[in-house]
Amino acid sequence: MAGDRAEEEEGEKPAAATAAAERVAAAVEAVAAGAAAGAGEYRNAYRRQLLALSRRIRLLGPFRRREGEGEEEEERALAPLAAALEAALALLRLGREGSRISLVLERDSVMKKFQGVILQLEQALCDIPYNELDISDEVREQVELVHAQLKRAKERIDMPDDEFYNDLLSVYDKNYDPSAELAILGRLSEKLHLMTITDLTQESLALHEMVASGGGQDPGEHIEKMSMLLKKIKDFVQTQNPDMGPPMASRVLDSNGDSRPITIPDEFRCPISLELMKDPVIVSTGQTYERACIEKWIASGHHTCPTTQQKMSTSALTPNYVLRSLISQWCETNGMEPPKRSAQPNKPTLACSSSERANIDALLSKLCSPDTEEQRSAAAELRLLAKRNANNRICIAEAGAIPLLLSLLSSSDLRTQEHAVTALLNLSIHEDNKASIISSGAVPSIVHVLKNGSMEARENAAATLFSLSVIDEYKVTIGGMGAIPALVVLLGEGSQRGKKDAAAALFNLCIYQGNKGRAIRAGLVPLIMGLVTNPTGALMDEAMAILSILSSHPEGKAAIGAAEPVPVLVEMIGSGTPRNRENAAAVMLHLCSGEHHLVHLARAQECGIMVPLRELALNGTDRGKRKAVQLLERMSRFLVQQQEEQESQPQASAQVPPQATPEQVPENDIPEQFDSPASQYPMVV
């Protein structure tokens, strides 16, 4: 989900070490409860490894602190085991909820996580001082059995089979023999357990969750290729099983007023109503539903996720902003009216348990401590708590953490400052917390960190501003408080991740017209043009999207025009990605309707724009086609006008051929199909 991407720090343990025994018990109980609820099926390539890990953890069930046994020595002895079990829980959760395709493609990384968890568990059990713990011989024997199994497991790497991995990689990279495609897809659908509509829909939603976890940024080529791979498997499965039926279709009116069918992607449909989602929200299991449908489900007394049948740990709902944006873009591309959200009533939130609230209150007290070390430790713990789940974000904010975290943004200790701004980033994911952060006057303090913090703190400050600017009215507030120049600086000098965070925030802020001038005056256009012409192609998608937005502003149009953009834009129209081609066409269209439009039209003709424009008008995205048609009309009028001017020159001039100039286009350079531009390429608004 957007913004929830702060890294776990190595070497930093939770402050509440005294709760180690409770953490051990909670972890074992969570695994046991998941297995009892059917979450232990793990329908992916790591089923065997995940089941083995789950079984070993459940065998530690008797190994818990009993009521009244809270000596400090016991707590210290169990702290490493508690940390190891929590790491194992995170891995099991990834195996249950993660994308099945991604888990295989990232098998080296996934297996490193398995080995790391096994090693951590084995070491924790190895260091257990059994003589200091009041446990029975039977329990000790059971724990030692698990320890022996882990010792054997850490000596071998149990990888998924190579044929499976190579099959998936060949389709992902499109380097397979076309005659073998059906056989490969058959093996993949079976081994990935993608054999039913439910399985395919869950995998599609998991891929969208990967988009969301990128902080709201463009999904990039990796996820786009995985989506194409999933579509191939889906088409294969539906072809092999006609009874499953094709994806459901809706109907829209085309430009002539005629009705035409259109297929709505499964991932845009609510799994309950099967209708296009207007207000997608994420429940605690990670699944996305239409808000009205899941609220009705919960109100009817259901406590399980409709898709996974897992018990929902909280009734809190988190808006899925990224999916909502993707749905709106899809609607625009297909000529549909974007769905409008219904008004949301005030929703009660689930209160924290007394122990959770006591822990949070203790951390807030430490935030107020004069001891810098205590402040840093408490801010780090709140950062991790806010990252874990939506209920934590609600409870932490309700306890009054936001003003205290804001006060630490001016701390002279850069690490404390970094933890505080990242905690605010994670809190801002919950929609209600955005209003609390803004109303607390957070923006100037966040901008201070953006200017003066460590690089990681600056990156997370930029990501926080992006998260807050999802709300339209906050775009105005943030833009008016000096954030834009600081984001432009980060875009110019930050790390690769910092630049992506800055670009995402600037794109969001510049949707508001009043912020475009601020960004242009802060020097954004030269930086963006530098990214567009960067031979590495880094941040190309973000740069073209921002350029498209700025070109609609008079100052932006002038600044872009001064940067000699036409050759780059023409090349992009001809060879860029579909989205970049449409954005390049949009920028060209703005330039060719401005004060110096004749200069830009002539330069575009010199650069050979006609061929790529025709191709875009035929094969581009719907938006790209519209922009290409409008540009072709302008180009054709310009060429006809130039030809008429040539023909009206005095006869004497005709006998002495003048020097070729952009305004003088030979007759044979005018394409025949543009003799009647109005009928050939009608204006599309």
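Throughout what follows, the structure given in this document is the object of discussion. (Residues numbered from 1 in each chain as written. Predicted model: local features only at pLDDT ≥ 70, side-chain atom pairs only at ≥ 80, totals over all residues. Heavy atoms only, no water.)

Regarding unusual backbone geometry
Consideration 1: The backbone of L539 shows a phi angle near 60°, a positive value even though the residue is not glycine.
Consideration 2: Here L539 is to be found in the loop between helix 25 (524–532) and helix 26 (540–550).
Consideration 3: L539 gets classed as buried once you look at its relative accessible area, which sits at 6%.
Consideration 4: Phi at E564 is positive, roughly 50°, even though this residue is not glycine.
Consideration 5: Structurally, E564 is set in the loop between helix 27 (554–561) and helix 28 (566–575). (Helix = DSSP H or I, 4+ residues; strand = E, 2+ residues; numbered from the N terminus. Buried < 20%, exposed > 50% of the residue type's maximum accessible area, 1.4 Å probe, protein only.)

Focus on the packing of helix 17 (residues 414–427) against helix 20 (residues 455–468)
Consideration 1: For the pair helix 17 and helix 20, interaxial distance at closest approach is 9 Å and the crossing angle is 20°. When the axes of helix 17 and helix 20 are compared, the pair comes out roughly parallel. Like other packed secondary-structure pairs, helix 17 and helix 20 cross with a definite hand, here left-handed. Facing helix 17, whose interface residues are R415, E418, V421, T422 and L425, helix 20 presents E456, A457, N460, A461, A463 and T464. (Axes fitted to C-alpha atoms, helices over the stretch in contact; angles between N-to-C directions. Parallel < 35°, antiparallel > 145°, perpendicular 65-115°, else oblique. Left-handed = near helix turned anticlockwise from the far one by under 90°. Contact = heavy atoms within 4.5 Å.)

Description of the side chain of N460
Consideration 1: With respect to the helices, strands and loops of the structure, N460 is situated in helix 20.
Consideration 2: Among the polar contacts made by the side chain of N460, one reaches the side chain of T422 at a distance of 2.8 Å. (Polar contact = N/O pair within 3.5 Å; in protein donor to acceptor, adjacent residues only side chain to side chain.)

Thoughts on the packing of helix 25 against helix 26
Consideration 1: Where helix 25 contacts helix 26, the axes come no closer than 9 Å and their chain directions differ by 140°. On the basis of the axis angle, helix 25 is oblique to helix 26. Handedness of the helix 25/helix 26 crossing: left-handed. Counting all contacts with helix 25, which are made through L524, V525, I528, M529, L531 and V532, the residues of helix 26 involved are M540, A543, M544, I546, L547 and L550.

Some words on the sheet that holds strand 3 (residues 280–282)
Consideration 1: One open sheet accounts for 3 strands, arranged 4-3-5; its pairing is antiparallel. On the outer flanks of this sheet lie strand 4 (288–290) and strand 5 (318–319), each paired with one strand and no other.
Consideration 2: Bridge analysis of strand 3 against strand 5 gives 2 bridges, and the strand direction is antiparallel. Within the sheet, the bridge partner assigned to V281 lies in strand 5 and is P319. (Pairing = 2+ DSSP bridges.)

Details of the state of the cysteines
Consideration 1: Summed over all chains, the structure comprises 0 disulfides.
Consideration 2: Considering cysteine sulfurs only, C293 is the nearest to C270, which forms no disulfide, with 4.1 Å between them. (Disulfide = S-S within 2.5 Å.)

Describing the pattern of salt bridges
Consideration 1: Counting across every chain of the model gives 22 salt bridges.
Consideration 2: Here D279 and R324 are joined by a salt bridge, their closest N and O atoms 3.1 Å apart. Highlighted residues: D279 in the loop between strand 2 (259–263) and strand 3 and R324 in helix 12 (residues 321–333), separated in sequence by 45 residues.
Consideration 3: With relative accessibility at 3%, the residue D279 sits in the buried group.
Consideration 4: When the shortest N-O distance is used, the salt bridge between D472 and K475 registers 3.0 Å. Of this pair, D472 and K475 are both found in helix 21 (residues 472–479), 3 residues apart, which corresponds to roughly one turn of the helix.
Consideration 5: Take D472: its relative accessible area is 55%, and that puts it in the exposed class.
Consideration 6: K475 gets classed as buried once you look at its relative accessible area, which sits at 4%.
Consideration 7: Salt bridges linked by common partners bring D279, R291, E295, R324 and E431 together as one network. (Salt bridge = Lys/Arg side-chain N within 4 Å of Asp/Glu carboxyl O.)

Thoughts on the environment of I360
Consideration 1: Relative to the assigned elements, I360 resides in helix 13 (residues 354–367).
Consideration 2: Here I360 falls in the buried class, since its relative accessible area comes to 4%.
Consideration 3: Sequence spacing of I360 and G400 is 40 residues, and the spatial spacing of their C-alpha atoms is 9.7 Å.

Topic: helix 15 (residues 390–398)
Consideration 1: Taken across its 9 residues, helix 15 has 8 buried, putting it largely inside the fold.
Consideration 2: What helix 15 keeps buried is the set A390, N391, N392, R393, I394, C395, I396 and A397.
Consideration 3: Check the buried side of helix 15 and you find it contacts strand 5, helix 13, helix 14 (372–388), helix 16 (401–407), helix 17 and helix 18 (431–439).
Consideration 4: Where helix 15 begins, one side-chain oxygen reaches toward the backbone nitrogen of N391, 3.2 Å away; that side chain belongs to N389.
Consideration 5: Downstream of helix 15 by one or two residues, G400 has phi in the positive range, about 95°.

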